[in-house]
Each structure stands twice: as structure tokens, then as C-alpha cells.
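# Architecture and fold: a report
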Amino acid sequence: MEYLLKVSSVVVIFYLVYKILLQRDTFFQSNRSFLLMGLISSFGIPCFVIPIYIEYVPNILENYSLGGGTFIVDNVEKPFNILNYLPVVYLAGVFFFSCRFIIQLVSLFTLISKNKSEKQGSFKYVKINTYVSPFSFFNWIVYNPNQFNKTELDQIITHEKVHVTQYHSVDILLAQISCIVLWFNPFVWLYSKDVKQNLEFVADQNAQQKFNCKKSYQTTLLKTSMPSHQMALSNHFYNSLIKKRIVMLHKSKSKKINLIKYAFVIPLLTLFLVSFNTEEVYVEAPNLQNNNTSIQKDLNKDGIEKFLIYNDFTDAKLKTFEAELKSKGYDFNLKNLKRNTHNLITTIYFTINKNGTEGTYRIASGRPIKTILIKYSKNKFNINTLDFIEAQKGNIGNQDLIEIRIDKHTTISELITKKKLLKEKYDVIFNFEISEQKSNGIPIYSYKIGKKGMMQGVTTTPDRSLVIKYNPRTNSIQSHGINKHGDPTYGSVKHLDKQNSYIIKNDYSDKSLEHSIKYLKEKGITIKFSNVKRNDEGKIISIKINAKTEYTSNYNYNVDSKGPIAPIAISYYDNGKRLKIGIAQSNLSNFK
């Protein structure tokens, strides 16, 4: 629908330029080209996107949504929204106007086929007995000879020949198809009307030049001012705006200097592209690769080999990553990969093998994935996201943790007991059901856990184990499957207090800071950076941050250091009622 709205906007631009600047001039042939170009380019211009390059230094703890794992799926409850039905309404309109268009075509060809035609050169003359206004459609010229005398017929046929030789039927068909596709836009119907009207101006201008008596031609126009019937898809000698046609025939030829007015559409189209057709393209900062490599080296301790996959990995970097694994004896096979418009990974499916042991990971989401950690030790793979692994560490020794283990041995009474405990002690909702929908003949078990407005949806099948945990200390839900080794797989963490964090790092460029201002503004945070100082390497050593939300007063944070500053977390939570800025902690995640 966004594309159609953009197409409609371009149509409006061309239409307004024509009505305000061009309609009164006598450049009918040029106007025809302008209007025709407007229809065609309206569908093409929205496809052109102006890239805005932003230097991007990704944070390790990038945001993601687990939507396509084997066990865990994001299933957020959505309220009824009438906008969800707009595609259905649009398609219904397209169907209606398409049927109308087909009926008009059938009626036109029926009229032509029912009467004999006489071919003279490239023209086919169709004489009819019914009282239909003279018209042409491609090389057919249809008229009733009993309605007019010889002089009038010559004038009418000369007029219609102009339509035929200049292929005016193409313009009318394109305008009609545009009306079908953009039926919801009132301007496209006005546009179509003016296309037809201008074609009459073109034909009148050319036809009148072939007759000595201009008054006689105009009299013929008046004589046809009361037709009994018209065909919708044809070029008519008669047009209801007969007064305008006669006025244009009397009008003096416009000065050539007026041709410059056609150029006025260019700045308007440029403004449209800059305002609505831009795309932010994230360009990797020069020191990004070095940062990622050092992180991986630091993780390789205690004989456990560890590797990280970031959502900003380019295709080239993935090949380098694959080559690095191969040099260590691993066989990395990337089976599926999808990216968003910012070239960040949102879907990934890969297998990794070593010494006959295979690890598999698959995740699909509409948002960038979180950093994936691959661990290999003792002929066993463990693959999960960094935030889930950190959450697992926080579970150690946590006596308040409530765990729900779901497998083929789990009973309904056990689930009911957990449901009561969660509700009474922490006001956490836990619902479960067996879905009628089946996957390969196996019933699907659905679970929802969380608090009102922050529910986490989880699904599994009887042949697979699932673990759901509620941590009251962090007010978060953890869920994961269990592989054949008993290790957690496809882990997911969701915080119920809606706390989000945005990380400012010392290697952020000025463009990155500008992007941060824009991004945080979309989240309801007005932020200002000042007193930014950098060292010789371009890293930030001093910065002042002023931030506020609708619910908070100004929050000031100052850092002045001799060396590069530590990562700064801008945390926003509790429905915007609290704002905090401080040194980033390892368990913070970016905005969702």
C-alpha cells in the first residue's frame, strides 16, 4: 500500500502542474506528452530510492525478535485494527473497476463487430444506424452517416483520423488502467478526464488547419452537442466540454517561452524523492572488523572454541568468517539468509560440522538478529544468543526462579499449579492450550506467559521439550528448547518492564550521533549532544548529553576523560516515565 500511496502522490504532482501552469497554453501536443509521461513515470519514480549513507558502529547486544525458531515464536497479541482490512477493500475496488472496464471493452467490440466495416488504407470505417456520437478506437472510425451532411462528415472523419494516426487510444487505455489501479485516488479520475480533453484539443487543432472555414468546423461541434450515447473507451468527436474546445480553437498561439513551465515538475519530483523516497544505508565503520575479531579471540578460553555472528555481517564478511572456521577444521554451511532494508541480517539458517558432530541454528524475524555465539567443546556444539547466555548465568543460585518444564511427561495438573503460583505471587499470566491446527499430523501446544500488554507466545509439539522460566529479579521471561545433549537451544529472553537501552560508543562518528538523535526521537526521547571532543584517532574522549521525554525533566550526563570513553547506555523504561543514562552494562539490550 505504501507504493500505491507514493504513486498517487506523483500523479497529484503532475496533475497540479498541468492544471495550474499548462492547461491554458496551446502546446497541446507537448501537454499530451507531459500527461502521458506523468502516468508512466508515476509508477516508476517510487521505485527510485535515494540512499543516505550513515557510518554505523554496531553494538554487540543488537536488538532482535525470535520469530522462526524450531520451538519459540514471537506471538504478541494485537488489538483489532481496521487498517488491516485496507488491502481487502483495495482489491475489492480493483475487482469492481476491472469488471467495469471489461464490460466497456465488450460493449465496444460488440458494436463494432455487429456492423460492417470498410477498410480504406490504414483506416476501418464502421457505419452504424444507431444514434451514437462519432468515435474512433485505434484504427476503427465509427459514425452514423444519416446524422450529418457531407461537409460535416468530412470534418468529423478528419478529426477522428487525427486520433487514429496519433494512437490516442493508447493514452485513453493507460489512463483507464491507472484509474483501476489507483481507484481510491480522486485525482487520477480528474487526470484521466483531462487526458481525454487534451486529446480533443490536439485533434481539433490538427483538423481545423485542413479547412478554410473555421466557423463551419465549430458549427459542426455545436451540432453534435446533444448526442444520445457515447462509448466510454473511445475518442469522441463530441465532448461535453464543447465550450472549452471552441475557446481553445480561438485562442492565440502561446509563446515559446512558456515551454519553460514544464520544468517546474522537476523540483517538485525531487522534493518528493528527498522527502519520501530515501533509505538509510549503514556503512561499516573502519575499525569494526578489528573490534569483532578481538572479541572472538577473548572468548577462546578454557579450551572452548567460540565464534560470534553479528547482524551487520556483510556477504564478504560471512565468507571470511566461513574461511576462518574452515582453517580451524570446521565446515560452515549457510543455507538461508535474509536482510532488511538496512542490510542487517533478520533471518539466518546454518549448519556447522566438526569431527562428525553437527550443530544447527535457524532464526527468522522481521528485526535484526541478536549476536549469535557458537561454542564447541568436547565434540558438542552449543549455539545461542549472547543475551540468553547472560540470562542463564543470572539463573545460577536464584531461588526465586520459577521453571516450567514441558515435555511428554508433563501433566495438566502440574501446569495449573504453576499457573496459580505465577498469578498469586507475581501477577504473571500463564495460559496454555492444545491447538486444533496440526503440524504433520502432530498437535501444536500453545503457551502464553507474561503480564497484560507484554505477553510472550511459545509453541511446541508433544515430541519436543520446552522450558519456560520466569525470573522475578529481572522481571523477565526466558524460554528455550532442549537438544539431545540436554543443552538449551533457541533461547529467547523478554523483559516485561519494557526497559530498553541504546548504546553510544566512543568510535561513533558525527553522522552516527546524528542518526542516534533521529532514532531516539522516534522512541519519544529528545536528546542533544554537545562538547564532543575526540582524540587523534577520532574516538570520543568528552561528551555532554542532555535528554528528556514527555514524562521527565532534562537529564544531563557529562563525561570528560583523557582516553576514549566507555560505552554509554541511554535507558528508557516504565512507559517512558523513567530515563537513565550511565555506563553500559553487559546485559543491556537495544530498543525493540
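Structure first, text after, so check above.
Small disclaimer: the values here were computed from a predicted structure and weren't measured.

### Here's the deal with the sheet that holds strand 13 (residues 381–385)
- Ordered by their spatial adjacency, three strands build an open sheet running 8-12-13, and the pairing between neighbours is antiparallel. Edge positions in the open sheet fall to strand 8 (305–309) and strand 13, since each of these has one partner strand only. Neighbour-to-neighbour, the strand axes of the sheet open up by a mean angle of 15 degrees, direction not taken into account.
- As defined by bridge partners, strand 8 adjoins strand 12 (residues 372–376) across five bridges and the pair is classed as antiparallel. Each bridged residue has a counterpart across the sheet, and for Lys306 the counterpart in strand 12 is Lys375.
- Strand contacts of helix 11 (residues 315–327): strand 8 and strand 12, with the helix running at about 170 degrees to strand 8, the strand carrying the most contacts.
- Contacts from helix 12 (residues 386–394) reach strand 8, strand 12 and strand 13 within the one sheet, and its direction differs from that of strand 13 by about 100 degrees.

### Side note on the nonpolar core
- In terms of nonpolar packing, the biggest core is built from 29 residues, with Phe14, Phe34, Tyr191, Val265 and Leu269 touching the most fellow members.
- Where this core is concerned, the elements lending two or more residues are helix 1 (2–22), helix 2 (28–44), helix 5 (168–181), helix 6 (186–208) and helix 9 (265–276).
- Looking at this core element by element, the count peaks at ten residues for helix 1.
- For Leu269, the contacting residues outside a window of four places in its chain are Val10, Ile13, Phe14 and Ile45.
- One finds Phe321, Ile352, Tyr361 and Ile369 within the second-largest nonpolar core, a separate group that totals 26 residues.

### As for the packing of aromatic side chains
- Enumeration according to the criterion identifies 27 aromatic pairs in this entry.
- Where Phe96 meets Phe97, the ring centres are 5.0 Å apart and the plane angle is 80 degrees; that geometry is what we call edge-to-face.
- Accessibility expressed as a relative area gives 17% for Phe97, which makes it buried.
- Among the aromatic side chains, those forming a connected cluster through ring pairs are Tyr90, Phe96, Phe97, Trp183, Phe184 and Trp189.
- Above the face of the Phe123 ring, Lys161 is positioned so that its terminal group lies 5.2 Å from the ring centre.
- The ring of Tyr349 carries the charged tip of Arg362 above its face, separated from the ring centre by 3.9 Å.

What counts, and where the lines are drawn
- Residues numbered from 1 in each chain as written.
- Predicted model: local features only at pLDDT ≥ 70, side-chain atom pairs only at ≥ 80, totals over all residues.
- Heavy atoms only, no water.
- Pairing = 2+ DSSP bridges.
- Helix = DSSP H or I, 4+ residues; strand = E, 2+ residues; numbered from the N terminus.
- Axes fitted to C-alpha atoms, helices over the stretch in contact; angles between N-to-C directions.
- Contact = heavy atoms within 4.5 Å.
- Core = buried A, V, L, I, M, F, W, Y, C linked by side-chain atoms within 4.5 Å.
- Buried < 20%, exposed > 50% of the residue type's maximum accessible area, 1.4 Å probe, protein only.
- Phe/Tyr/Trp six-rings, centres within 6.5 Å; stacked < 30°, edge-to-face > 60°.
- Lys NZ or Arg CZ within 6 Å of the ring centre and 35° of its normal.

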